[in-house]
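Next come the chains, spelled out residue by residue.
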Number of protein chains: 2
Amino acid sequence: MRVLGIDPGLTRCGFGVVDGVPGRAPTLVDVGVARTPADLDVARRLVRLEVAVEEWLLRHRPDVVAVERVFAQHNVTSVMGTAQAAGVAMLVAARHGLPVVLHTPSEVKAAVTGSGRADKAQVGAMVARILRLDAPPRPADAADAVALAIAHVWRGPAVNRYAEAVAAHARPARLPRTTPRRVS
Amino acid sequence: MRVLGIDPGLTRCGFGVVDGVPGRAPTLVDVGVARTPADLDVARRLVRLEVAVEEWLLRHRPDVVAVERVFAQHNVTSVMGTAQAAGVAMLVAARHGLPVVLHTPSEVKAAVTGSGRADKAQVGAMVARILRLDAPPRPADAADAVALAIAHVWRGPAVNRYAEAVAAHARPARLPRTTPRRVS
């Protein structure tokens, strides 16, 4: 299973791609961030982000996209931008017919470090150890995106199967048409 | 000036198109809502909404898109969906190279009713009066979208010129190339 993890944001949006199966150490495929200029209006920053998400999907063809779930927090202005960035990531993934699964930051931290309240350094260190890297991916948004992808692999098939069922249900049916049999 | 007002939402997204100039009564061009099914996952609801926004833009070719600014409020789950719906509306408008302007609910109420704390019924009644309709557009989200478009026309050229300058700046420059004059 190839997972694209996306840590949404307008200033920096983290992307991390891993290949893996539950219970085994996943392999890092690619990691990076997309930035959008702060002096551009939000609508145009969302367009830049859309292009970046498209590029990551086309380059790596993931089976599923994991996006960090955004909560309303202290900094209201920034959280709205983050929610909109997450919305664009979800939109683009769904347009490609991919299952989209949201994980909360604490679910990701718990999956990767064993504690839902781990700090950024601890998450980065565990990402490096799991993937056998010399150092955590930089910046932190990139490491968070990789952690999200690892967490998605490790959280196991139950939640994933559910997401795939939802995606399959939502995808336009393209089954070959058969002639209805007439019941005589 | 033709304005498309969008009152963003996943369950109901309001659309209202008016033609007008500051200081005169605008004309209603079209009004309606797009709904997305609550049993679909959010990513796929955003795709449906994207299609709806595209349709409204292509059908009416507005000069500018006014979107209601979303604030974090009591109902956190719903506000995130609304923020993401607003993000999709802004994204699609920006992709068409259109200026996107956000107005707060109280700015809209103040522009249309004279009070930033007017209730929904009052906004609907004023929308009907301004546009010489027999009754307010239904549902309320549709009336709100029209109010947003009227407010955008009436809030005048200053804010609009700013948005257009931002859009022009953000749009890729397509000016004819001239040979630079050499200063001897």
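These figures come from a predicted structure and were not determined experimentally. (Residues numbered from 1 in each chain as written. Chains lettered and ligands numbered in written order. Predicted model: local features only at pLDDT ≥ 70, side-chain atom pairs only at ≥ 80, totals over all residues. Heavy atoms only, no water.)

Regarding the pairing of strand β1 (residues 2-7) of chain B
All names here are of chain B. We apply this condition: Each residue's exposure class comes from its accessible area (1.4 Å probe, protein chains only) as a fraction of the maximum for that residue type: buried when under 20%, exposed when over 50%, partly exposed otherwise. Runs of E in the DSSP output that reach at least two residues are strands. Runs of H or I that reach at least four are helices, and both are numbered from the N terminus. One requirement defines pairing of two strands: DSSP has to find at least two bridges between them.
Among the six residues that make up β1, five are buried, leaving the element largely enclosed by the rest of the structure. Here β1 hands over to strand β2 (residues 12-19) after four residues, the two strands then running antiparallel side by side. Across four bridges, the pairing between β1 and strand β4 (residues 64-68) is parallel. Of the residues in β4, the one forming a bridge with isoleucine 6 is valine 67.

Some words on the interface of chain B and chain A
The figure often quoted for interface size is the accessible area lost as the parts come together. The following threshold applies: Every residue pair with non-hydrogen atoms within 4.5 Å of one another is taken to be in contact. Two parts placed together each lose some accessible area; with a 1.4 Å probe, that loss summed over both constitutes the buried area. Salt bridge, as used here: a side-chain nitrogen of Lys or Arg that lies within 4 Å of a carboxyl oxygen of Asp or Glu.
The interface is formed by 30 residues belonging to chain B together with 30 residues belonging to chain A. Taken together, both faces of the contact between chain B and chain A bury some 2400 Å²; the carbon and sulfur share is 73%. Interface area lost by chain B to chain A is led by B:Arg44, B:Met80 and B:Leu91, which between them contribute 25%. Joining chain B to chain A, the criterion identifies two salt bridges.

Re the UniProt feature "active site" (unreviewed entry) in chain A
Residues and elements named next belong to chain A. As a reminder, the rule being used: UniProt positions are given in the numbering used here, feature names are shortened, and annotations may be inferred rather than shown by experiment.
When the UniProt feature table is mapped to this numbering, "active site" (unreviewed entry) covers Asp7, Glu68 and Asp141. These annotated residues cover 135 residues of sequence, and their C-alpha atoms all fall within 11.0 Å of one another, placing them together at a single site. Structurally, the position occupied by aspartate 7 is in strand β1 (residues 2-7). Given the relative accessible area of 8%, aspartate 7 is considered buried. Once residues lying within four places of it in the same chain are set aside, the contact partners of aspartate 7 are Arg12, Cys13, Gly14, Glu68, Asp141, Asp144, Ala145 and Leu148. Aspartate 141 has contacts with Asp7, Arg12, Gly14 and Val33, leaving out every residue within four places of it along the chain.

Quick word on the relation of the copies chain B and chain A
Cut-off, in case you're wondering: A least-squares superposition brings the copies together, and it is based on the C-alpha atoms of residues with pLDDT no lower than 70 in both.
Aligned on chain A, chain B shows an RMSD of 0.0 Å; the corresponding rotation is 180° and the shift along the axis is 0.0 Å. Here the two chains are linked by the operation of a two-fold rotation axis. Among all C-alpha atoms of chain B, that of B:Gln84 lies closest to the rotation axis, at 2.3 Å. Of all interface residues in chain B, 100% are interface residues in chain A too; the two copies therefore contact each other through one and the same surface.

Quick notes on the packing of helix α3 (residues 105-113) of chain A against helix α5 (residues 140-154) of chain A
Think of two packed helices as two axes; the pair is described by the angle between the axes and how far apart they sit. Residue and element names in this part refer to chain A. For clarity, the cut-off: Here, axes are lines fitted to C-alpha atoms. For helices the fit covers the stretch in contact, and angles between N-to-C directions go from 0 to 180 degrees. Orientation labels follow simple angle bins: below 35 degrees gives roughly parallel, above 145 gives roughly antiparallel, 65 to 115 gives roughly perpendicular, and whatever is left gives oblique.
Packing of α3 against α5 leaves a shortest axis separation of 9 Å and a crossing angle of 75°. What the angle tells us is that α3 and α5 run roughly perpendicular. Of the residues in α5, those touching α3 at Val108, Ala111 and Val112 are Ala147, Leu148, Ile150, Ala151 and Trp154.

Some words on helix α4 (residues 120-131) of chain A
Residue and element names in this part refer to chain A. Defined as follows: Multiplying one less than the number of residues by 1.5 Å gives the expected span of a helix.
With twelve residues, α4 should cover 16 Å at 1.5 Å per step; its first-to-last C-alpha distance of 17 Å lies within 8% of that length. Buried positions along α4 lie against β3 (27-35), α3 and α5. A positive backbone phi angle near 55° is found at arginine 132, which sits one or two residues after α4.

Details of the sheet that holds β2(B)
Residues and elements named next belong to chain B. Strand order across the open sheet formed by five strands is β3-β2-β1-β4-β5, with mixed pairing between neighbours. If you trace the sheet from one side to the other, it starts and ends with β3 (27-35) and β5 (100-103), each paired once. Strand after strand, the sheet turns through a mean of 20° between neighbouring axes, direction not considered. Alignment of β1 against β2, held across six bridges, turns out to be antiparallel. When the sheet's bridge partners are listed, arginine 2 is paired in β2 with aspartate 19.

Focus on the side chain of A:Arg44
Note the cut-off: The term polar contact refers here to a pair of N or O atoms within 3.5 Å; inside protein, the definition further demands a hydrogen-donor-capable atom paired with an acceptor-capable atom, and it admits residues adjacent in sequence only when both atoms are side-chain atoms.
Structurally, A:Arg44 can be placed in helix α1 (residues 42-60). Overall, A:Arg44 belongs to the buried group, its relative accessible area being 8%. Engagement of the side chain of A:Arg44 in a polar contact is seen with the backbone oxygen of B:Leu98, the distance being 2.3 Å.

Things to note about the confidence of the model for chain A
Going by this rule: pLDDT is defined as a per-residue confidence score from the predictor, taking values between 0 and 100.
Residue-level pLDDT values for chain A average 87, and 81% of them are 70 or greater. Of the regions scoring below 50 in pLDDT, residues 172-184 of chain A engages in zero contacts with residues more than four places distant in sequence or in other chains.

Remarks on the environment of B:Val127
All names here are of chain B. If you trace the backbone, valine 127 turns up in helix α4 (residues 120-131). In the structure, valine 127 is positioned 19 residues away from valine 146 in sequence and 7.2 Å away in space, judged by C-alpha atoms. Not counting residues up to four positions away in its chain, the partners in contact with valine 127 are Val112, Pro137, Ala143, Val146, Ala147 and Ile150.

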